[in-house]
Structures are given as structure tokens and as C-alpha cells.
Amino acid sequence: MTGRLMLLDTASLYFRAYFGVPDSVKAPDGTPVNAVRGLLEFIDRLVKDHRPDELVACMDADWRPKWRVDLIPSYKAHRVAEERAAGPDEEEVPDTLSPQVPVIEAVLDALGIARVGVAGYEADDVIGTFTARARGPVDIVTGDRDLYQLVDDARGVRVLYPLKGVGTLQLTDEAWLREKYGVDGPGYADLALLRGDPSDGLPGVPGIGEKTASKLLAEFGDLAGIMAAVEDPKAKLTPSQRKRLDEARPYLAVAPTVVRVAADVPLPDVRTALPHSPRDGATLEGLAERWGLGGSLQRLLATLSA
């Protein structure tokens with residue numbers, strides 16, 4: 001991968017499409033297809049505006065991996081619809097969204113857009129590994145701030161964070177991160193685990209909010225530097241900060257593994273080049289007719305062929 005690579009956090013985008021496109025958008029049989037058509041519109045706009053050479057739709061083969069839950073049991077626990085003894089737990093997903101996910105997968109496959117999910121890993125980990133392997137610039141499209149940790153100006157890695165649809169994207173680079181949070185990409189992971197994230201069930205360190213975490217990282221460099229300061233009586237920590245960080249050692253020992261995305265996922269061998277024509281035109285035609293994909297699909301096909 002030497003050209004400009006675009007990595008889609010697919011679930012993040014189809015959730016946004018689902019809530020951003022009215023559920024009155026339906027297939028001929030009345031089944032809602034707002035997430036399907038919304039995602040196709042998103043991809044059309046992204047390709048049109050950013051012209052990637054390579055495109056991968058990264059998937060959650062396991063949205064709550066056991067290896068993360070074993071370290072922090074509260075990880076995403078509030079989003080579990082049903083626990084399963086074997087395989088991933090079932091995630092709470094709106095009733096009319098779940099049936100659209102297989103349609104999205106089938107359409108992406110027929111288009112020839114690479115779609116990658118790996119058992120035991122989240123889409124974030126797939127994105128992290130593709131990013132680590134890329135030899136050219138990388139655009140990560142996600143509504144998940146966790147992936148800010150991958151931002152790297154030297155390697156041309158940036159996050160395109162949707163503010164309104166995908167027509168308005170926040171271009172997240174190191175300058176933006178430093179202005180907003182006072183950290184670089186790797187520093188954002190340390191900031192996130194110190195601050196915590198209720199949406200992912202990460203408790204953080206009690207009493208250490210975002211501003212305090214940012215100041216501590218500015219003073220001591222990274223999490224290891226902060227914990228070394230806890231041991232140093234001369235370090236500039238308040239008694240309260242020292243006590244809270246010391247008491248949080250069990251959490252801070254495991255949180256980095258949970259928060260930092262994997263960079264060593266065993267990726268399958270896939271063709272990542274942006275397709276200029278459908279891989280399976282007949283199947284795509286059938287899907288378009290069955291699900292009433294209409295102009296959303298036609299516009300994307302025109303953009304891909306341009």
C-alpha cells in the first residue's frame with residue numbers, strides 16, 4: 001500500500017447514516033434501507049472529495065473482544081444486549097438497523113470494495129494494523145475519537161471526523177490535537193485512559209479529568225513519566241493527584257492494552273485498490289433492484305468510474 005489509503009470505520013459510519021437518513025427511505029417491500037443508502041452516499045462523497053488510491057471498509061468481527069474484557073470487565077458492558085458463552089456478545093443495535101448490515105456487506109462485496117474484519121478484533125484494530133503497514137498517506141474516516149491516537153504528521157496519517165454527514169469533516173492532524181488537547185497522537189491514548197470514557201465503559205482515574213490529564217502529560221511526557229513522578233517525592237504533583245494515581249495502579253497497569261489499538265492483527269490478503277467497476281455486476285444489479293438502492297448506488301458507480 002503505497003498510494004493514499006482511506007480506511008473506513010464502517011460501523012461508525014453506518015450508525016451515523018442510520019440516524020442521519022430518515023427511516024422513510026425504504027426498499028420496494030417497505031424494509032428500511034436508510035443505513036445502506038446513507039453509507040453509499042457517504043462513500044461517494046468521500047471518494048469524490050479525497051480521491052484515495054486504496055479503500056478498505058474495516059469491520060467489527062468482534063465489537064467487544066474477550067482479551068479486552070478480561071482486563072477491564074466494564075469495557076462496553078452497558079452496550080451488551082445478550083452475553084454469549086461462545087463467540088462475541090450481542091450488541092444493542094436498533095431493530096431496523098441490524099437487518100441492513102448484511103445488505104451493506106453484500107453491496108460492498110459486489111462493488112469490489114475491500115471489506116476486512118478479523119475474528120477477535122475490533123475495526124479499530126484492523127485500522128491500526130493497516131495504518132502501521134501503509135507506506136503512503138492514510139486517511140481514517142471515523143466518528144470515534146479513540147482513533148486520534150493514530151494521527152502522525154510525519155507519516156501522513158490523519159483522521160477525518162464527520163461533523164455533519166461526511167460533507168463537513170474535521171481534519172484531525174497533530175496541530176489540531178495539540179490545540180484541542182495539548183497532546184500528539186500517541187499522547188491521546190494516554191489522555192483517554194487517564195480521563196476515562198463512559199461510552200466505552202472505561203472508568204479512568206477518579207478526579208483526573210481531561211484538563212488535568214493534559215497538564216500531567218505536558219509536565220511528565222507520557223503515562224510512564226507520570227507514574228515515575230508518583231514515586232518521586234520532588235515531582236510536581238499535588239497530594240491528591242499522587243494519591244489518586246497511586247490508588248489507580250491496577251487500572252493503569254491494564255488500561256493501555258485496552259485503549260491502544262492493535263497494530264499486529266493477522267490481516268487477510270485482500271485487494272485494496274479503489275475499484276473502477278463492480279466486481280460482480282450481476283449480483284450488484286440484483287441487490288439494487290431488491291433493495292431499491294437507486295440513485296445512491298448509481299452516483300457511487302459514476303464516481304468510481306470517473
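Structure first, text after, so check above.
Computed from a prediction, not measured in an experiment: that's the story for all the values here.

### Digging into helix α13 (residues 294-305)
Alright, step 1. Between its terminal C-alpha atoms α13 stretches 17 Å, which fits the 16 Å expected from 12 residues at 1.5 Å a residue.
Alright, step 2. For α13, the set of buried residues is S296, L297, L300, L301, T303 and L304. Seen end-on, α13 carries its buried residues on one side only, within an arc spanning 165 degrees.
Alright, step 3. Of the surrounding elements, those touching the buried residues of α13 are α2 (34-50), α4 (100-111) and α12 (281-291).

### A few points about the packing of aromatic side chains
Alright, step 1. In this structure the tally under the stated criterion is 9 aromatic pairs.
Alright, step 2. On the numbers, 5.7 Å between centres and 70 degrees between planes, the contact of Y148 with W176 is edge-to-face. Of the two residues, Y148 is situated in the loop between β6 (138-141) and β7 (157-164) and W176 in helix α6 (residues 174-181); the sequence distance between them amounts to 28 residues.
Alright, step 3. Y148 gets classed as buried once you look at its relative accessible area, which sits at 0%.
Alright, step 4. Residue classification places W176 among the partly exposed positions, given a relative accessible area of 22%.

What counts as what
- Residues numbered from 1 in each chain as written.
- Predicted model: local features only at pLDDT ≥ 70, side-chain atom pairs only at ≥ 80, totals over all residues.
- Heavy atoms only, no water.
- Helix = DSSP H or I, 4+ residues; strand = E, 2+ residues; numbered from the N terminus.
- Expected span 1.5 Å × (residues − 1).
- Buried < 20%, exposed > 50% of the residue type's maximum accessible area, 1.4 Å probe, protein only.
- Arc of directions from axis to C-beta.
- Contact = heavy atoms within 4.5 Å.
- Phe/Tyr/Trp six-rings, centres within 6.5 Å; stacked < 30°, edge-to-face > 60°.

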